[in-house]
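Structural description and commentary
Next come the chains, spelled out residue by residue.
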Amino acid sequence: MQFMKNLSNSIRLVIAFFAVALFACSCGQDARLSGVVGQAPSSSLIVKALDINKYETIDTVQTDAQGRFSCKIPLQKGQPEFIYLFHGQTKIASLLLTCGDKVSIEADTLGNYSVSGSEESVKLAEVERDYAAAQKTLMDLSQSLEGLDPSSDKA
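Note that the coordinates shown come from a computational prediction; the quantities given were computed from them, not determined experimentally.

1. Thoughts on the sheet that holds strand β6 (residues 90-97)
One open sheet holds the four strands; their spatial order is β3-β2-β5-β6, and the pairing between them is antiparallel. This sheet does not close on itself; its edge strands, each paired only once, are β3 (54-62) and β6. The mean angle between the axes of side-by-side strands here comes to 25°, regardless of whether they run parallel or antiparallel. The sheet contact formed by strand β5 (residues 81-87) and β6 spans seven bridges and is antiparallel. Within β6, the residue paired with Glu 81 across the bridge is Leu 97. The sheet strands contacting helix α2 (residues 119-146) are β5 and β6, and the helix crosses β6 at an angle near 140°.

Structure, rendered in structure tokens:
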């Protein structure tokens, strides 16, 4: 009888150990995202992940009366994810997140944003800003070239 009691206690101990180990492994398997979206008090923000070549909605977050929000983004350890924040149909922030990131965003509803807490996301924001500036320069140049008379001799 004592053997069965000891076996039962051992089984409980093993189960408790595995439960604690499972809980410990699940901790840190997400990134935390918080911030403020100006001009978006009490509205919905859509959190999307890039799935090869399309967006997949993973959460919808409500902002408070000041436009503040927070959420957790589930991630697989060792697998960085491209995460995008939308207000309606407008992409307002792009992020590259890994497990354990604690990211803060300040954005408007037009897609102008700043990010901290993730070096990869900061670099992604810089690349997007540089791309937008280069695109604007090319558009301005294209518009100025449209006004030139090809028959004029101003070379």
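Alright, that's what it looks like, and here's the rest.
2. Describing α2
If you check α2, its first and last C-alpha atoms are 41 Å apart, about what 28 residues at 1.5 Å a residue would give, namely 40 Å. Turning to α2, the residues buried within the fold contact β5, β6 and β8 (113-116).

3. Here we look at the pattern of salt bridges
Close approach of charged atoms lets side chains of opposite charge pair. Tallied over the full model, the rule gives five salt bridges. For Asp 64, the salt bridge identified is with Arg 68, shortest N-O distance 2.9 Å. A relative accessible area of 45% places Arg 68 in the partly exposed class. Across the salt bridge formed by Glu 128 and Lys 91, the nearest N and O atoms sit 3.5 Å from each other. Here Glu 128, found in helix α2, pairs with Lys 91, found in strand β6; they are 37 residues apart in sequence, far enough to count as distant.

Cut-offs used in this document
- Residues numbered from 1 in each chain as written.
- Predicted model: local features only at pLDDT ≥ 70, side-chain atom pairs only at ≥ 80, totals over all residues.
- Heavy atoms only, no water.
- Pairing = 2+ DSSP bridges.
- Helix = DSSP H or I, 4+ residues; strand = E, 2+ residues; numbered from the N terminus.
- Axes fitted to C-alpha atoms, helices over the stretch in contact; angles between N-to-C directions.
- Contact = heavy atoms within 4.5 Å.
- Expected span 1.5 Å × (residues − 1).
- Salt bridge = Lys/Arg side-chain N within 4 Å of Asp/Glu carboxyl O.
- Buried < 20%, exposed > 50% of the residue type's maximum accessible area, 1.4 Å probe, protein only.

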